[in-house]
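# Descriptive analysis of the structure
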Amino acid sequence: MGPTSALETLRKGLITPEEIRRLAEEKGYTIVAHNYQIPELQQIADYIGDSLQLARLVTTIPSQKILFLGVDFMAEMMKVLNPERKIIVPVRHSTCPMANSLEVKDVIEAKQKYNAPFVVYVNSRTEVKAYADVVCTSANAVDVVNKLDSDTVLFGPDKNLASYVAEKTGKKIIPIPGETGYCYVHNYVKEDEIRFLISKYPDAKVMVHPEVPSNIRKLADFVGSTSQMEKYPTTTDAKEFIVVTEVGMLSKLENLYPDRKFIPVSSMVCYNMKKNTLKNTYLALLEEKYEVLVDEDIARKARRAVEKMLELTR
Ligand code: SF4
């Protein structure tokens, strides 16, 4: 399609999922989307998953050009693990307040004070990962911490995931930055709202993400990451599930299990994830921007912390 017809598409508002797929194929891009993207974008993606799943998956596919739909630290993680590939994102400042809550100086201070290993949640800035001993995901945080040869562990930036890890491992977990480290989508979910849904759907199983506070985790039948939530329905005959994580996850679950009912917590919306739209995704492909770049020295150090995780969880 030449520039005129692309302009026509934009002007007439003809940006359909099919048109984006056509453009991606024409330009040679593979589209990779996080579980929390809007359903229309999940529909056009070649792959959908959590951030580390996707970053690792991209290392195995032939395409050298990737359009990533998610937030900035995830796109950077993809670049860290795939330095030779071109990775573009539709929005330059689609960021994560929780990742931004932890800075390198906080890590240096905590390491000097406690002399303990630092485990960083994958939802963190790349330069912070470069100062970590090991990266973890919400799926393997407990396993990673259990495997460290230390009873005291620095953990950041999510204080709620830190408290979950402390409960499960019995180790002394020091959250950094502390009270200010949390995901607003998961931290502010109201216990009343979950209790209301439980009373409305008494047969439903409650699955919750470990980024929620402990009073919400106590209401759960299952606590797990989005990749673990994907598998949970295969382990039970339940027909209904209350899904206590970002609402975008519903679309993936509904596609996987069309015979089950998934009930969202409507207040759980990540506005940062929703900055990607059909229109800016189309423009990103058309103009092949914005390219994700990471300083090579920082990338090398961050990669080392990811490799340590892979070694511990093999
Ligand atoms: S859902 Fe939470 S952790 Fe994930 S990008 Fe949004 S604010 Fe960050």
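Residues numbered from 1 in each chain as written. Predicted model: local features only at pLDDT ≥ 70, side-chain atom pairs only at ≥ 80, totals over all residues. Heavy atoms only, no water.

## What to know about the site of the ligand
Note the threshold: Throughout this document, a residue counts as near a molecule or strand when at least one of its heavy atoms sits within 4 Å of that molecule or strand. Of the grid points, spaced at 1 Å and generated over the protein atoms alone, those admitting a 1.4 Å probe that cannot get out make up cavities, while open sets with protein on both sides within 12 Å along at least five of seven lines make up pockets; any residue with an atom within 4 Å of a point is treated as lining. A cavity or pocket is said to hold a molecule if more than half of that molecule's atoms lie within 2 Å of its grid points. Helical segments are the DSSP runs of H or I of at least four residues, strand segments are the runs of E of at least two, and each set is numbered from the N terminus. Gly falls in the polar group here, along with every residue not listed as nonpolar (Ala, Val, Leu, Ile, Met, Phe, Trp, Tyr, Cys, Pro) or charged (Asp, Glu, Lys, Arg).
The ligand sits among Tyr36, Val71, Cys96, Pro97, Met98, Asn123, Cys183, Tyr184, Val185, Glu211, Cys270 and Met273. Taken atom by atom, the bulk of the ligand overlaps the largest pocket. Within the residue set of the shell around the ligand, elements represented by two or more residues are helix 6 (97-100) and helix 11 (184-187). Classifying every residue of the shell around the ligand gives 10 nonpolar, one polar and one charged.

## Regarding the pairing of strand 1 (residues 30-34)
Our working rule: Using a 1.4 Å probe on the protein chains alone, a residue whose accessible area is under 20% of its type maximum counts as buried, one over 50% counts as exposed, and one in between counts as partly exposed. When DSSP finds two or more bridges between a pair of strands, those strands are recorded as paired. We call a crossover right-handed when, viewed with both strands directed away from the observer, the connection leading from the first strand over the helix to the second proceeds clockwise.
Taken across its five residues, strand 1 has five buried, putting it largely inside the fold. Pairing of strand 1 with strand 3 (residues 65-69) involves four bridges; the strand directions are parallel. Residue pairing across strands places alanine 33 opposite leucine 69, the latter belonging to strand 3. Bridging between strand 1 and strand 2 (residues 47-49) involves three bridges; their strand directions are parallel. Pairing of valine 32 across the sheet is with tyrosine 47, part of strand 2. Viewed along the sheet, the connection from strand 1 through helix 3 (residues 39-44) into strand 2 turns out right-handed.

## With respect to the domain arrangement of the chain
As a reminder, the rule being used: Residue ranges for the domains originate in an automatic or database domain assignment. Here, two residues are considered to be in contact whenever any of their heavy atoms come within 4.5 Å of each other. Take the accessible area each of two parts loses on contact, using a 1.4 Å probe, and add the two losses: that sum is the buried area. Any N or O atom pair separated by 3.5 Å or less is treated as a polar contact, with the protein-specific requirement of one donor-capable and one acceptor-capable atom, and with residues adjacent in sequence counted only for side-chain atom pairs.
Looking at the assigned domains, one finds that the chain contains domain 1 (3-93 + 273-294), domain 2 (98-182) and domain 3 (185-264). For domain 1 and domain 2, the distance between their C-alpha centres works out to 30 Å. Contact residues are listed per partner, giving seven residues for domain 1 and seven residues for domain 2. Note on domain 1 versus domain 2: buried area summed over both sides is about 600 Å², and carbon and sulfur give 69% of it. Joining domain 1 to domain 2, the criterion identifies one residue pair in polar contact (both at pLDDT 80 or more). Counting residues per element, the ones that place at least two in the side of domain 1 that touches domain 2 are helix 4 (51-58) and helix 5 (72-81). By residue number, the principal contributor to the side of domain 1 that touches domain 2 is helix 5, which donates four residues. Looking at side-chain class alone, the side of domain 1 that touches domain 2 contains five nonpolar, one polar and one charged residues.

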